[in-house]
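Given next are the chains, with one letter for each unit.
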Amino acid sequence: MTKIPASLTSGRALGIEPLSVEQIRNFRLRSHHLDAACTKANIQEIVGACGMQNSPPGAWETALFNRIPTCTLSDMDCLLYKEKSLLQAWSFRGAPVIFPAEERDVFLSALKAEDGEPWIYTQGIQLALDFLQMTYDEVFDRLRQVLPRLEQYTLISKTTLDQTLAEWMLPLIPTDKQERWNAPSMYGSPDKQTVGGAAVSFLLRPASFYGLIVFGERNGISPSFTAYSNWTGHPFHETDTAEDNGIRTLVRKFLHCYGPATLDSFVTWLGCSKQQGRRMWDTIAEEMEPVTVLGKKSWLLSSDKESILNPVPLKKELLLLGGHDPFLDQRDRLILQPDKTRHKQIWKLVSNPGAIVYRGEIIGVWTSRKKSRGIEINVDLWKELSGNEQKKLQELAEGYAEFRQTALLSLIL
């Protein structure tokens, strides 16, 4: 296994006892429920650990399968579309995220910006606002006026959603700005999107944080969208303390899954402004304590200290994780792979490959290719595996293919 340089692990100069990379890996594997196979009885806890990104579509399915191998695609569809105990909505970083429906305060309401804070995922909207000569609040207020109409509709595809909402908003746009509203988008695909549709696209994330829009059941390759109340059958209620409690719970979840961590890593994980991240982070400041990681000061939940200092043997050492598994969302990537030259092979701008993880370290990447009779899995390993480990990798590949209801044609090393 690749060694972390001793110069990076010595943090005693800061007066804080340093934690080893092995301790952190072991702790995070347990926090992400990847240290042993879990049962269906723990689904809500597992999905709610830190939410599961569903971009690209199906990413959350692979993530849940890696934690609960007995959970089938049919089971997952039932949870998300029939029982609706799980919910999909735009959440942290503006990404589609699956989370327990009862934790909507944590994964939605907690992300709302306060006065003076930019909203998550809305930075690019200024170009459209300048063209329209309208303010953020003016456009968002009009969107919030028309969104209740989704209580009667389910719209298929993101393009249809953007343009339909833009059309509903048109009568509310000042007459002298309506021509600009309907002008071709300056963001790309002007033949399919208007400036108004582009503005709506940015504002759907804040609307989601207010519980005004969620994902419905997927229609073939297209997502569907509707109002929270239409999908769940009840309004999006918040208690007086829900938002504050949700914020504290969200920070705790982050630190439990990705700690020890820093404020900057929290901000990056959320995709929010430093101002908003600091406000949220400080809500549980009294629950944290400092430690040293790779020579730098980081923070850990005090309640997690005993667990991280006492690693336990892993029942699962080798993992075949999907490219957007929550475990791979660690911001201190040197913990996952000490060789920086490998990072661009793991984390790409789009379409990350899967990761082969051994005892918490990424030791290779994998991709799959669909064929008429099944799938081929190509593996790029950076560490030599023993005979037993190669056999285990084969079993993991076969298990993944079976989960995807197909056959493994070949595992190419």
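Residues numbered from 1 in each chain as written. Predicted model: local features only at pLDDT ≥ 70, side-chain atom pairs only at ≥ 80, totals over all residues. Heavy atoms only, no water.

## Side note on the packing of aromatic side chains
This model, assessed by the stated rule, comprises 22 aromatic pairs. Between Tyr136 and Phe140, the ring centres sit 5.7 Å apart and the planes meet at 40 degrees, which makes this aromatic pair tilted. Of this pair, Tyr136 and Phe140 both sit in helix H8 (residues 136-146), four residues apart, roughly one helical turn. Residue Tyr136 is classed as buried on the basis of its relative accessible area of 17%. The ring centre of Trp231 lies 3.9 Å from the NZ or CZ of Lys84, which sits over that ring. Seen from the ring of Tyr121, Arg205 lies directly overhead, with NZ or CZ sitting 3.9 Å from the centre. (Phe/Tyr/Trp six-rings, centres within 6.5 Å; stacked < 30°, edge-to-face > 60°. Helix = DSSP H or I, 4+ residues; strand = E, 2+ residues; numbered from the N terminus. Buried < 20%, exposed > 50% of the residue type's maximum accessible area, 1.4 Å probe, protein only. Lys NZ or Arg CZ within 6 Å of the ring centre and 35° of its normal.)

## Observations regarding the environment of Arg373
Relative to the helices and strands, Arg373 resides in the loop between strand S11 (361-371) and strand S12 (374-381). For Arg373, a relative accessible area of 64% translates into the label exposed. With 34 residues separating them along the chain, Arg373 and Ala407 place their C-alpha atoms 7.0 Å apart.

## Some thoughts on the packing of helix H14 (residues 263-270) against helix H15 (residues 274-281)
Between H14 and H15, the least distance of the axes is 9 Å, while the angle of their chain directions is 115 degrees. The angle between H14 and H15 places the two elements in the roughly perpendicular class. Between H14 and H15 lies a crossing whose hand is right-handed. Contacts between H14 and H15 involve Leu263, Asp264, Phe266, Val267 and Leu270 on the former and, on the latter, Lys274, Gly277, Arg278, Met280 and Trp281. Taken together, the residues of the contact of H14 with H15 sort by class into six nonpolar, one polar and three charged. (Axes fitted to C-alpha atoms, helices over the stretch in contact; angles between N-to-C directions. Parallel < 35°, antiparallel > 145°, perpendicular 65-115°, else oblique. Left-handed = near helix turned anticlockwise from the far one by under 90°. Contact = heavy atoms within 4.5 Å. Nonpolar A, V, L, I, M, F, W, Y, C, P; charged D, E, K, R; others polar.)

## Focus on the pattern of salt bridges
Evaluation of the coordinates by the stated rule reveals 18 salt bridges. Ionic pairing is found between Asp264 and Lys274, a salt bridge with its closest N-O pair at 3.1 Å. One end of the pair, Asp264, is in helix H14; the other, Lys274, is in helix H15, with 10 residues separating them in the sequence. For Asp264, a relative accessible area of 45% translates into the label partly exposed. Through salt bridges with shared partners, one network takes in Arg93, Asp329 and Arg331. (Salt bridge = Lys/Arg side-chain N within 4 Å of Asp/Glu carboxyl O.)

## Quick look at the packing of H8 against helix H11 (residues 195-209)
One can describe the packing of H8 onto H11 by two numbers: an axis separation of 10 Å at closest approach and a directional angle of 75 degrees. With respect to H11, the element H8 is oriented roughly perpendicular. Of the residues in H11, those touching H8 at Tyr136, Val139, Phe140 and Leu143 are Ala199, Val200, Leu203, Pro206 and Ala207. Looking at the contact of H8 with H11, its residues break down into nine nonpolar, no polar and no charged.

## Brief notes about H11
Of all the bends in H11, the greatest reaches close to 35 degrees and is centred on Leu203; the proline Pro206 follows between one and four positions later. Of all the 15 residues making up H11, 15 are buried; the element is thus mostly covered by neighbouring parts of the structure. After H11 finishes, the residue Gly211 shows a positive phi value of roughly 75 degrees. (Bend = angle between axes of the 7 residues up to and from the residue.)

## Concerning the environment of Glu17
Inspection of the secondary structure assignment puts Glu17 in the loop between helix H1 (6-9) and helix H2 (21-31). Residues Glu17 and Val291, 274 residues apart in the sequence, show an inter-C-alpha distance of 6.4 Å.

## Considering the pairing of strand S7 (residues 288-293)
Strand direction decides the pairing type here: S7 and strand S8 (residues 296-301), joined by six bridges, are antiparallel. Residue pairing across strands places Thr292 opposite Lys297, the latter belonging to S8. Linking two consecutive strands that pair antiparallel, namely S7 and S8, is a turn of two residues; a positive phi of about 50 degrees is found at Leu294 within it. (Pairing = 2+ DSSP bridges.)

## Digging into the side chain of Lys177
Mapped onto the secondary structure, Lys177 falls in the loop between helix H9 (158-169) and helix H10 (178-181). Salt bridges are absent for the buried Lys177, whose nearest opposite-charge side chain, Asp176, sits at 4.4 Å. Filtering out sequence-adjacent residues up to four positions away, Lys177 remains in contact with Leu132, Gln133 and Met134. (Lys, Arg positive; Asp, Glu negative; His and termini not counted.)

## Let's talk about the layout of surface pockets
In this model, the largest pocket occupies a volume close to 690 Å³. The wall of the largest pocket is formed by 21 residues, among which Pro57, Thr62, Ser368, Tyr400 and Arg404 lie closest to the centre. Listing elements by their share of the lining of the largest pocket, those giving two or more residues are helix H4 (59-67) and S11. Sort the elements by how many residues they give to the lining of the largest pocket and S11 lands first, with four residues. (1 Å grid on protein atoms, 1.4 Å probe; cavity = no way out; pocket = protein on both sides within 12 Å on 5 of 7 lines; lining within 4 Å. Points joined across faces, edges and corners; volume = space filled by probe spheres on them.)

## What about the confidence of the model for the chain?
Within the chain, residue pLDDT values average 93, and 95% of them lie at 70 or more. In this model residues 1-15 is a low-confidence stretch, pLDDT under 50, and it forms 25 contacts with partners more than four residues away in sequence or in other chains. (pLDDT = per-residue confidence, 0-100.)

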